[in-house]
Amino acid sequence: MLKQNGTVFRPSVLTLIGIPGLESVQFWIGIPFCTMYIIALFGNSLLLVVIKTERSLHEPMYIFLAMLGATDIVLSTCILPKMLGIFWFHLSKIYFDACLLQMWLIHTFQCIESGILLAMALDRYVAICQPLRHATIFTHQLLTQIGIGVTLRAALLVAPCLILIKCRLKFYRTTVVSHSYCEHMAIVKLAAEDVQINKIYGLFVAFSILGLDVIFITFSYIRIFISVFNLPQKEARLKAFNTCIAHILVFLEFYLLAFFSFFTHRFGFHIPSYIHILLSNLYLLVPPLLNPIVYGVKTKQIRDGVFKIFYHKDPS
């Protein structure tokens, strides 16, 4: 690591400080975070097992839910082990390249989750507004293409963020990252050079993926509610509305936290850094924790599948 004019030339190691201002209580903050992570791992793994073992759940809605569960497991695992290492064992050092890899994985799987939520909204739109065409539109071939598409879209659009940091930014004011994980803007702000291109491309990725997904999801649910309220039978309206409640809850929890974290990093200069970092952490922990709970409570087929796993009686 070479130093020149008070700057560091291409540092090999960075330091993650955790939650700025709360270093003295990070040990205790790690306990609920670890609990949330364990519950998220258990809940999403159970969800995957139920969907895999129950043939009646091999339908588009539940296959998308399995994709969401797998994404949540990877996303939370990308940050929690290292974060707990910082909180509990003061293992704050991280190789620069490992930090960039963590950054790419986190933002890639955030974008994948957004794409899956969009696919789930479109699935509900077709199922409710055009039920006779649902089976012919959402074939297993289309589900595979959607899975590959949202993954490639995320990986390819996020990759230039990593390349722009690695290839453009050579001099850094400090190697101390005021965050508990390697977030794009947290790393960019370390540079002692012009980072305007990095900021612009970060905004482009956020609005081209999260922004457009939010618009299409909102439009889908508006059309869904119009169709639901036009149904003649009250029971049919309630059933259709109840089907969408879980999706709406998951949609709101993900995007509200996502946009708060995104805009605070860029424009929230008056918000204390510890509040921003705490909410950024919760943004990556709360959806994996709540998604299986929300769908487990609201979906009878999943509740029945869980019941079979835990209360299966041996016929002998």
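What counts as what
Residues numbered from 1 in each chain as written. Predicted model: local features only at pLDDT ≥ 70, side-chain atom pairs only at ≥ 80, totals over all residues. Heavy atoms only, no water. UniProt positions renumbered as here; feature names shortened; annotations may be inferred. Helix = DSSP H or I, 4+ residues; strand = E, 2+ residues; numbered from the N terminus. Rg over C-alpha atoms; globule rule 2.2 N^0.38 Å. Buried < 20%, exposed > 50% of the residue type's maximum accessible area, 1.4 Å probe, protein only. Contact = heavy atoms within 4.5 Å. Areas by Shrake-Rupley, 256 points an atom, 1.4 Å probe, with all protein chains shown as cover. Patch = residues over 30% accessible without salt bridge, like charges linked within 9 Å, V, L, I, M, F, W, Y side chains within 5 Å. Salt bridge = Lys/Arg side-chain N within 4 Å of Asp/Glu carboxyl O. Core = buried A, V, L, I, M, F, W, Y, C linked by side-chain atoms within 4.5 Å. Lys, Arg positive; Asp, Glu negative; His and termini not counted. Axes fitted to C-alpha atoms, helices over the stretch in contact; angles between N-to-C directions. Parallel < 35°, antiparallel > 145°, perpendicular 65-115°, else oblique. Nonpolar A, V, L, I, M, F, W, Y, C, P; charged D, E, K, R; others polar. Phe/Tyr/Trp six-rings, centres within 6.5 Å; stacked < 30°, edge-to-face > 60°. Disulfide = S-S within 2.5 Å.

Labelled according to an unreviewed UniProt entry, the chain appears under the name Olfactory receptor, originating from Prolemur simus. Turning to the chain, the UniProt annotation filed under Sequence similarities (unreviewed entry) states: "Belongs to the G-protein coupled receptor 1 family."

Just to check I follow, could you spell out the overall build of the chain for this structure?
Counting its secondary structure elements, the chain contains 10 helices and six strands. The C-alpha radius of gyration computed for the chain amounts to 22 Å, which stays within 12% of the reference 20 Å derived for 316 residues, consistent with globular compactness. Principal axes of the C-alpha set define a box for the chain whose edges measure 75 × 45 × 35 Å. Looking at the chain residue by residue over its 316 residues, the buried ones come to 50%. Of the contacts made within the chain by residues no fewer than 6 positions apart, 79% connect residues no fewer than 24 positions apart. Accessible area for the chain stands at about 15,800 Å²; split by element, carbon and sulfur atoms hold 70% of it.

I tried to follow a nonpolar patch on the surface on my own but got confused; where do I start?
Taken together, the side chains of Phe42, Val49, Phe307, Ile309, Phe310 and Tyr311 make up a nonpolar region of the molecular surface, amounting to roughly 650 Å² of accessible area. Taken together, the elements giving at least two residues each to the nonpolar patch come down to helix 1 (26-53) and helix 10 (300-310). Following the sequence through the fold, Ile309 ends up in helix 10. Judged by relative accessible area, Ile309 falls into the partly exposed class, the value being 37%.

Whenever I open this one, the environment of Ile224 confuses me. Can you help?
Within the secondary structure, Ile224 is located in helix 7 (residues 196-229). Exposure remark for Ile224: the relative accessible area of 0% places this residue in the buried category. Sequence separation between Ile224 and Phe241 is 17 residues; the distance between their C-alpha atoms is 8.8 Å. Those residues within four positions of Ile224 in sequence are excluded, and the remaining contacts are Ala121, Arg124, Tyr125, Ile128, Cys129 and Cys244.

Teacher, can you tell me more about the nonpolar core here?
Note on soluble globular proteins: their nonpolar side chains tend to be buried together. Formed by 93 residues in total, the largest nonpolar core has its most connected members in Ile79 and Ile165. For this core, the element with the highest residue contribution is helix 3 (residues 96-129), accounting for 17 residues. If sequence neighbours within four positions are ignored, Ile165 has contacts with Phe96, Leu100, Met103, Tyr172, His184, Ile187, Val188 and Asn198.

So what exactly am I meant to see when it comes to the side chain of Asp72 here?
Here Asp72 is to be found in helix 2 (residues 60-89). Buried and without a salt bridge, Asp72 has Arg153 as its closest oppositely charged side chain, separated by 14 Å. Setting aside residues no more than four positions away along its own chain, Asp72 makes contact with Asn44, Glu113, Pro287, Pro288 and Asn291.

Could you clarify how one ought to interpret the UniProt feature "transmembrane region" (unreviewed entry) in the chain in this entry?
In the numbering used here, UniProt assigns the feature "transmembrane region" (unreviewed entry) to residues 27-50, 62-89, 101-122, 142-165, 200-222, 243-263 and 275-297. Secondary structure within residues 275-297 divides into 100% helix and 0% strand; the distance between the first and last C-alpha atoms comes to 30 Å.

So what exactly am I meant to see when it comes to the packing of helix 5 (residues 140-168) against helix 7 here?
Packed helix pairs are specified by the crossing angle of their axes together with the interaxial distance, meaning the distance between the axes. Running from N to C, helix 5 and helix 7 point in directions that differ by 170 degrees, and their axes come no closer than 10 Å. In terms of axis orientation, helix 5 runs roughly antiparallel to helix 7. Each of Arg153, Ala154, Leu156, Leu157, Val158, Pro160, Cys161, Leu164, Ile165 and Arg168 in helix 5 lies in contact with helix 7, whose residues at this interface are Ile197, Asn198, Tyr201, Phe204, Val205, Ser208, Ile209 and Asp213. Across the contact of helix 5 with helix 7, the residue classes break down as 13 nonpolar, two polar and three charged.

I tried to follow the packing of aromatic side chains on my own but got confused; where do I start?
To describe a pair of aromatic rings, one takes the distance between the centres and the angle between the planes. The final tally for this structure, using the stated rule, is 12 aromatic pairs. An angle of 85 degrees between the planes, with centres 5.2 Å apart, marks the rings of Phe27 and Trp28 as edge-to-face. Accessibility expressed as a relative area gives 41% for Phe27, which makes it partly exposed. Among the residues examined, Trp28 registers a relative accessible area of 57% and is labelled exposed. Ring plane angle 45 degrees and centroid distance 6.2 Å describe the contact between Phe33 and Phe87, whose orientation is recorded as tilted. Here Phe87 lies in helix 2 and Phe33 lies in helix 1, a separation of 54 residues in the sequence.

How should I be thinking about the packing of helix 9 (residues 273-298) against helix 10 in this particular structure?
Taken N-terminus to C-terminus, the directions of helix 9 and helix 10 make an angle of 100 degrees; their axes are 5 Å apart at the nearest point. Put simply, helix 9 runs roughly perpendicular to helix 10. On helix 10, the residues touching Tyr295, Gly296, Val297 and Lys298 of helix 9 are Lys300, Ile302 and Arg303. Residues that form the contact of helix 9 with helix 10 fall into these classes: three nonpolar, one polar and three charged.

How do you make sense of the state of the cysteines when you look at a structure like this?
Cysteine pairs can be linked by a disulfide, which is a covalent bond between their two sulfur atoms. One pass over the structure, following the stated rule, counts one disulfide. In this model, Cys99 is linked to Cys182 through a disulfide, with the two sulfur atoms separated by 1.9 Å. Between Cys99 and Cys182 the disulfide shows an S-S torsion of about -115 degrees. By sign, it is left-handed. Linking Cys99 in helix 3 with Cys182 in the loop between strand 6 (176-177) and helix 6 (184-188), this pair joins segments that are 83 residues apart in sequence. Judged by its relative accessible area of 0%, Cys182 is buried.

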